[in-house]
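Spelled out from the first residue to the last, the chains are:
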Amino acid sequence: MLKYTLIIAEKPNASQKIAFALSEGRPKVHETKDGVKYYEFKRNKKTHIVVPAVGHLYTLKDTTKGWNYPVFDHEWRPTFEVNKKAFFAKKYFDAIKGLVGGANEFIIATDFDQEGFVIGANILNFLCNKKDAKRMKFSTLTKPDLVEAYENIIKHIDRLPVEAGMARHQLDFLYGLNTTRALTLAIKKGGKKLNFYLLSAGRVQAPMLHFLNQKEKSIKAFKPTPYWEVAGEVKLSPKLTVPINHEDGKMKDQKKAVKIIDKVKKAKKGEVIAVATKQYKQNPPVPFDLTTLQTEGYRFFGWSPRQTVNTAQFLYEKGYISYPRTSSQKLPPQIGYDLILAKLKTVKTYSKLVQKLEDIATIAGTTLVPNEGKKTDAAHPAIYPTAELPDLKRLNGYQKKLYDIIVRRFLAVFGTHAMRESMKITFDVNGEKFNTTGRRTIEKGWTLQYGRFAKSDEIVFPLVSKGDHFSVDKLQKFDKETSPPPRYSQGSILKELEKYNIGTKSTRGQILQTLYDRGYAQGKSIEVTNLGMKVAAALEKYVPDMVSETLTRKFEKDMQGIEKGKIKRSKVVKDAEKVIRKISAEFRKNEVKIGRELEKAILETKEEQSNLGSCPNCVGGDLKILFSPLTKKRFVGCSNYNKCIKCGFSRTACKCKCPNCGNPKGKCKCDWKDKMWTPTCGTGYPLPLQGSITNIGVQCEKCRTTIIQCWRKGKRPFRMCLDPKCETKKDWAKPGDKKKVKEEKKVEPKKLVKKKVVKKKSVKKKVVKKKATKKKPVKKTTKKKK
């Protein structure tokens, strides 16, 4: 029987890259009956087979019976058995299982991080029935890097990262399992209207929600204080008018501001009494780590952290960039600066930028050295573009944007410092001093390579000297108020969480997305919802340990200790179990109170989300999102539908006589169809079948109904008013009508041609008839016309 070395990759793309990189010829492509491709090749006269996983093939499962808490018994089980949505993983599971028997050697080639170690170790342990294997370490999926990883293969799996990864999975699972059950059961026991409502709060999720809620509370509690400013404009040249501000800036004394404006409001000229210039350097940026990449992704493209990391993962799997889940800001020479720069020079967009770097290095007589940051990562360098160039035409818009900023950042870190100059001009206006400041770039330096991503304010002043006079205008007193502290953006929050050591580089973006998915947060500038605030408040009040940032940081340090061999996984898990028992006991004490508060928050949130404004067709009615048990669809209906137009009572209390049995409609047991219900308002509108709906608080100018925004997974959100017959939708076509519209457009011109030809010449009439009777292909008819 043929024996071979089995290489286990993390994803299908990775397995293909590894096979084509290591094969001495063209690898053979095999396919299982379920459609999983695996690759066979020879290297050093040995047969190898590369087979892919699809991320985690094993996950943790609770082994206790019933739905109670706290519970701690758990085991690793195949992902597709635990989660129905992960059933696609079964075919990859079966593919590896079928190849294990013929293997006499195993190589783990998953990503070189904690998650990759756990994925590989579980497959090796449960599917291959092995405790050890060889390990490939690589940061890119390029041929040179993969060949080097194979030739310098690690002989044994390092157990410490495996233990640290396992501990993280166990802690997250036990926290999530028990806190979710505690919250859900609290609602069941303490609530009056909700029998079951699933709420979640995890080990990092709860402290992150608490962290955001603290900011939200400071914004809500903020009380603005008034202040006054005196400002105007000065015309420095025919084409340049700039703002000027009084030197005292924000004035708390209104009388002082009034006195100043009374003094200068009639002034026409201002005299330059001082000109101060200052030059300063701007150093090149440091290379991208994951957090910085996600921050810039939000800043320039408005992307969520998850969107950025998913796009980066695609580019990595194609071999175009290095591994993105890194905390390093270092670019070691081993990555091959010269080769990458030489390859990038062949791309038209980057050719001149690379040439400029080479020219600077040649003139200075030095080699190019990157400007590195302080952060390090033992497993991977910073994010950089590889020497394997993509076909930019085949990348979609998102992939192009992210690849461009990664390339430009890589080039910028090799650039020279930029030199800028600021100029502050002070004017005397009727004895009062006003200032204005301009900035200009003297030497572009690294900003040339970074291009549009090197944002800077450029206000270039003309040559100004002391004693010059310029026209001033629009001098006014402005009444203002101090602003509340700004909310975190989806970019800035990551830096704050990193600063306080909440979560990891890989998990922060995922957990933030979970807060959005659970309805705890909303908006691009992160606003904690009413539900999120109530959940956070209940946890802060009754189970403070659950939202403790100190406790989260403690466990993060413990897991770092496991990876360094300073502490055992079993001890960390036992410590976590003690904390979970304490949290559970606090929950038990206050279960009813917590349940009441959470139920109230949930019902308020539901009411708020379902309300789409006032009804345009009646008085006092509100449009609400409702669900029809008959059609199994959601729709918009007026709240006055439940009020009888004759007696004014609701359905259950209607005093009108039932035409079927003669008893009051509210009490009789006849079917509502037979009762002939007469509602106060029967307004109703259909809604899109899928996607979440948000009321943007604007009314349609034509039909006066609320405009909503519909968010669909994987698609762009769109806005629409509620009335399907509104004038704004006259150009909308149903999916089935698109073909009809196209056909009509094709037929119409032919009819018009016939009419014109018939009127002008009778000879052409026959020709048209022949063309109409003969059924020829479109291509042939177009040739004749030509």
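Above this text sits the structure in question.
Residues numbered from 1 in each chain as written. Predicted model: local features only at pLDDT ≥ 70, side-chain atom pairs only at ≥ 80, totals over all residues. Heavy atoms only, no water.

1. A look at the overall build of the protein chain
1) Next: In terms of helices and strands, the protein chain carries 24 helices and 23 strands.
2) Next: Counting only C-alpha atoms and orienting by the principal axes, one finds that the protein chain spans roughly 100 × 95 × 85 Å.
3) Next: Going through the 786 residues of the protein chain one by one, you find that 46% of them count as buried.
4) Next: Sequence separation of at least 24 residues holds for 68% of the intrachain contacts in the protein chain that already meet a minimum separation of 6.
5) Next: In the structure as shown, the protein chain presents an accessible area of about 43900 Å², 52% of it carried by carbon and sulfur atoms.
6) Next: Charged side chains of the protein chain number 163 positive and 80 negative; the gap between the two group centres comes to 10 Å. (Helix = DSSP H or I, 4+ residues; strand = E, 2+ residues; numbered from the N terminus. Buried < 20%, exposed > 50% of the residue type's maximum accessible area, 1.4 Å probe, protein only. Contact = heavy atoms within 4.5 Å. Areas by Shrake-Rupley, 256 points an atom, 1.4 Å probe, with all protein chains shown as cover. Lys, Arg positive; Asp, Glu negative; His and termini not counted. Charge placed at Lys NZ, Arg CZ, Asp CG, Glu CD.)

2. Quick notes on the nonpolar core
1) Next: Judged by nonpolar contacts, the single largest core of 98 residues is most densely connected at Leu-6, Ile-123, Ile-493, Leu-539, Phe-555 and Phe-587.
2) Next: It is helix H6 (residues 159-190) that provides the largest number of residues to this core, a total of 14 residues.
3) Next: Discounting chain neighbours no more than four positions away, the residues touching Leu-6 are Ile-49, Val-51, Leu-99, Val-100, Ala-103, Glu-105, Phe-106 and Ile-107.
4) Next: Membership of the second largest hydrophobic core comes to 60 residues, among which are Leu-141, Ile-153, Trp-303 and Val-413. (Core = buried A, V, L, I, M, F, W, Y, C linked by side-chain atoms within 4.5 Å.)

3. Some thoughts on helix H19 (residues 569-589)
1) Next: Between its terminal C-alpha atoms H19 stretches 31 Å, which fits the 30 Å expected from 21 residues at 1.5 Å a residue.
2) Next: Listing the buried residues of H19 in full gives Val-572, Val-573, Asp-575, Ala-576, Glu-577, Val-579, Ile-580, Ile-583, Ser-584, Glu-586 and Phe-587.
3) Next: Elements in contact with the buried residues of H19: H6, helix H17 (530-542), helix H18 (549-563) and helix H20 (591-610). (Expected span 1.5 Å × (residues − 1).)

4. Looking at the sheet that holds strand E8 (residues 134-135)
1) Next: Strands sit in the order E2-E3-E4-E1-E7-E8 across an open sheet of six strands; the sheet is mixed. Here the strands that pair on one side only, and so sit at the sheet edges, are strand E2 (28-31) and E8.
2) Next: Where helix H1 (residues 12-22) meets the sheet, its contacts fall on strand E1 (4-9), strand E3 (37-43), strand E4 (46-52) and strand E7 (103-109), and the angle it forms with E3 comes to roughly 20 degrees. (Pairing = 2+ DSSP bridges. Axes fitted to C-alpha atoms, helices over the stretch in contact; angles between N-to-C directions.)

5. Quick notes on the sheet that holds strand E12 (residues 418-429)
1) Next: Sheet architecture is closed into a barrel: six strands sit in the order E9-E10-E13-E12-E11-E14, paired in antiparallel fashion. Adjacent strand axes in the sheet meet at a mean angle of 35 degrees, parallel and antiparallel pairs treated alike.
2) Next: Against the sheet, helix H8 (residues 254-264) engages strand E9 (226-237), strand E10 (240-246), E12, strand E13 (432-443) and strand E14 (469-481), with an angle of about 155 degrees to E14.

6. A short note on H17
1) Next: Its 13 residues give H17 an end-to-end C-alpha distance of 18 Å, which sits within 8% of 18 Å, the value for a rise of 1.5 Å per residue.
2) Next: Of the positions making up H17, those classed as buried are Leu-531, Gly-532, Val-535, Ala-536, Ala-538, Leu-539, Glu-540 and Tyr-542.
3) Next: Lining the buried residues of H17 we find H6, helix H7 (205-220), strand E16 (527-528), H19 and H20.

7. Concerning the packing of H17 against H20
Two numbers describe a pair of packed helices, the interaxial angle and the distance between the axes.
1) Next: Across the interface, H17 lies against H20 with an axial gap of 8 Å and an inter-helix angle of 170 degrees. Taken together, the axes of H17 and H20 lie roughly antiparallel to each other. Residues Asn-530, Leu-531, Lys-534, Val-535, Ala-538, Lys-541 and Tyr-542 of H17 form the contact with H20, whose participating residues are Lys-593, Ile-594, Glu-597, Leu-598, Ala-601, Ile-602, Glu-604, Thr-605 and Glu-608.
2) Next: Taken together, the residues that form the contact of H17 with H20 break down as eight nonpolar, two polar and six charged. (Parallel < 35°, antiparallel > 145°, perpendicular 65-115°, else oblique. Nonpolar A, V, L, I, M, F, W, Y, C, P; charged D, E, K, R; others polar.)

8. As for the pairing of E13
1) Next: Looking at chain direction, E10 and E13 are connected through two bridges and run antiparallel. Considered in E13, the bridge of Asn-245 is made with Asn-435.
2) Next: Counted between consecutive antiparallel strands, the loop separating E12 from E13 contains two residues, among which Asn-430 sits at a positive phi close to 50 degrees.

9. Structural notes on the side chain of Thr-311
1) Next: Checked against the element boundaries, Thr-311 lands in helix H10 (residues 305-317).
2) Next: Dropping the residues within four chain positions of it, Thr-311 is found in contact with Trp-303, Tyr-398, Gln-399 and Leu-402.

10. A word on the environment of Pro-161
1) Next: Checked against the element boundaries, Pro-161 lands in helix H6.
2) Next: By relative accessible area, which is 6% here, Pro-161 ends up buried.
3) Next: Sequence spacing of Pro-161 and Ser-614 is 453 residues, and the spatial spacing of their C-alpha atoms is 58 Å.
4) Next: Contact partners of Pro-161, with chain neighbours within four places excluded, come to Gln-114, Phe-117 and Glu-563.

11. Quick look at a nonpolar patch on the surface
1) Next: Among the surface-exposed residues, Trp-67, Phe-196 and Leu-198 lie close enough to one another that they form a single nonpolar patch of about 350 Å² accessible area.
2) Next: Here Leu-198 is to be found in the loop between H6 and H7. (Patch = residues over 30% accessible without salt bridge, like charges linked within 9 Å, V, L, I, M, F, W, Y side chains within 5 Å. Salt bridge = Lys/Arg side-chain N within 4 Å of Asp/Glu carboxyl O.)

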